[in-house]
Amino acid sequence: MKSYEEMIRERRGILKSHGIEHEEWEPHQRKGILPPPLEKPYPKDGTLVDLVKPNDISLGDVSLMKAINQRQSRRKFTDSALTLEELSFLLWSTQGVKSIDKNKVWTKRVVPSGGARHPLETYLIINRVEGIEQGVYRYLPIEHKLLLVAKHDHQLPERVSTACYGQTFVGDSAVVFVWTTIPYRSEWRYSVIAYKDILIEAGHVCQNLYLACEAIRTGTCAIAAYDQKAMDALIDVDEENEFTIYLAPVGKVSARARGAK
Ligand SMILES: Cc1cc2nc3c(=O)[nH]c(=O)nc-3n(C[C@H](O)[C@H](O)[C@H](O)COP(=O)(O)O)c2cc1C
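Residues numbered from 1 in each chain as written. Predicted model: local features only at pLDDT ≥ 70, side-chain atom pairs only at ≥ 80, totals over all residues. Heavy atoms only, no water.

So, on to the packing of aromatic side chains. Evaluated as defined, the whole model comprises 2 aromatic pairs. Judged by centre distance (6.1 Å) and plane angle (50 degrees), the rings of F177 and W179 are tilted. As far as the burial class goes, F177 and W179 line up, both buried. When its relative accessible area of 0% is taken as the criterion, W179 is described as buried. Among the aromatic side chains, those forming a connected cluster through ring pairs are F177, W179 and Y246. A cation over an aromatic ring shows up here: R71 above the ring of Y210, its NZ or CZ 4.8 Å from the ring centre. Over the face of the ring belonging to W106 we find K108, whose NZ or CZ atom lies 5.0 Å from the ring centre. (Phe/Tyr/Trp six-rings, centres within 6.5 Å; stacked < 30°, edge-to-face > 60°. Buried < 20%, exposed > 50% of the residue type's maximum accessible area, 1.4 Å probe, protein only. Lys NZ or Arg CZ within 6 Å of the ring centre and 35° of its normal.)

And the structure:
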């Protein structure tokens, strides 16, 4: 068994920068192996939900200074539902695709990503969104649509809170954003040094969610305290090639909690 000191040294290594000139780590990209898909494939007969197109969204016209200044972790949500336009705005603000390479090797999105690999997927546990049935969904950033993953299960809010070690406000939210990673998307280019980038990128995405929420009188709270197996089972991912790394419940926040006059 490894000693505590060895474990610390090994794990701290993930935070450091390592050169990429190691023959034994030669990335698959350099070996000429074709890249993985830009977004997780989905069944052709899957149930899709249309979102409000980015060009038709008329929300979020708030000064950046104000959104940054007001940002805080929100853990008290009202019972109000989010509108479809609000959800569309939040999804686009976190993973919206702006262009796709003609060879389908990279996408450019609203957030930065090492090598434009974008190794994250977004799942939604929907509780209260107007016009969308409760259930588990996945955002398809290229199509800007939702894919139904699992229909409503009455226990869903409780199961989410339990999977977050009893943080009940998570299940009280209107929708929970759950970010998974498909690590191979980054490993293909960066091999065994991909992991630092993947974690940094989740931070970019969640910060955009915080700011976008503040712009539409909703709130969120980053969550890293969750049970890996329980959360992966909830959104139906395989734990090995794709697994949860971060999540954030979103809900309406009262004017009082926002400190509005
Ligand atoms: C990586 C990360 C993980 C976090 N995990 C949790 C969590 O599991 N539960 C929670 O209530 N807050 C969590 N938070 C929110 C922090 O508690 C919060 O950001 C901190 O208290 C500062 O408050 P502020 O965001 O309002 O400035 C997390 C924040 C980050 C950045």
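So, about the site of the ligand. The local shell around the ligand consists of R71, Q72, S73, R75, Q167, F169, C221, A222, I223, A224, A225 and Y246. A distance of 2.9 Å is found between an oxygen atom of the ligand and a side-chain nitrogen or oxygen belonging to R75. Protein contact buries 53% of the 620 Å² of open area that the ligand shows by itself. For the shell around the ligand, a count of residues per class yields 7 nonpolar, 3 polar and 2 charged. (Near = heavy atom within 4 Å. Polar contact = N/O pair within 3.5 Å; in protein donor to acceptor, adjacent residues only side chain to side chain. Areas by Shrake-Rupley, 256 points an atom, 1.4 Å probe, with all protein chains shown as cover. Nonpolar A, V, L, I, M, F, W, Y, C, P; charged D, E, K, R; others polar.)

If you look at the biggest cluster of nonpolar residues, it comprises 37 residues, and the most contacted ones within it are L87, L90, L124, I126, L146, V175 and F177. In terms of residue count, the dominant contributor to this core is helix α7 (residues 195-215) (8 residues). Beyond its immediate stretch of four places on either side in the chain, L87 contacts L124, I126, V129, I132, L146, V175 and F177. With 21 residues, the next largest nonpolar core counts C164, I223, L234 and I235 among its residues. (Core = buried A, V, L, I, M, F, W, Y, C linked by side-chain atoms within 4.5 Å. Helix = DSSP H or I, 4+ residues; strand = E, 2+ residues; numbered from the N terminus. Contact = heavy atoms within 4.5 Å.)

With that out of the way, let us pick up the sheet that holds strand β8 (residues 218-220). The strand order across the open sheet built from 7 strands is β1-β6-β5-β4-β7-β9-β8, with neighbouring strands paired in antiparallel fashion. Every interior strand has two partners, whereas the edge strands, β1 (48-50) and β8, have only one. Neighbour to neighbour, the strand axes of the sheet diverge by 30 degrees on average, direction disregarded. Of the strand pairs in this sheet, strand β4 (residues 120-126) and strand β5 (residues 135-140) are connected by 4 bridges, and their pairing is antiparallel. Of the residues in β5, the one forming a bridge with I125 is V136. Where helix α3 (residues 84-95) meets the sheet, it contacts β1, β4, β5, β6 (145-151), β7 (175-181) and β9 (243-252), and its direction lies at approximately 160 degrees from that of β4. (Pairing = 2+ DSSP bridges. Axes fitted to C-alpha atoms, helices over the stretch in contact; angles between N-to-C directions.)

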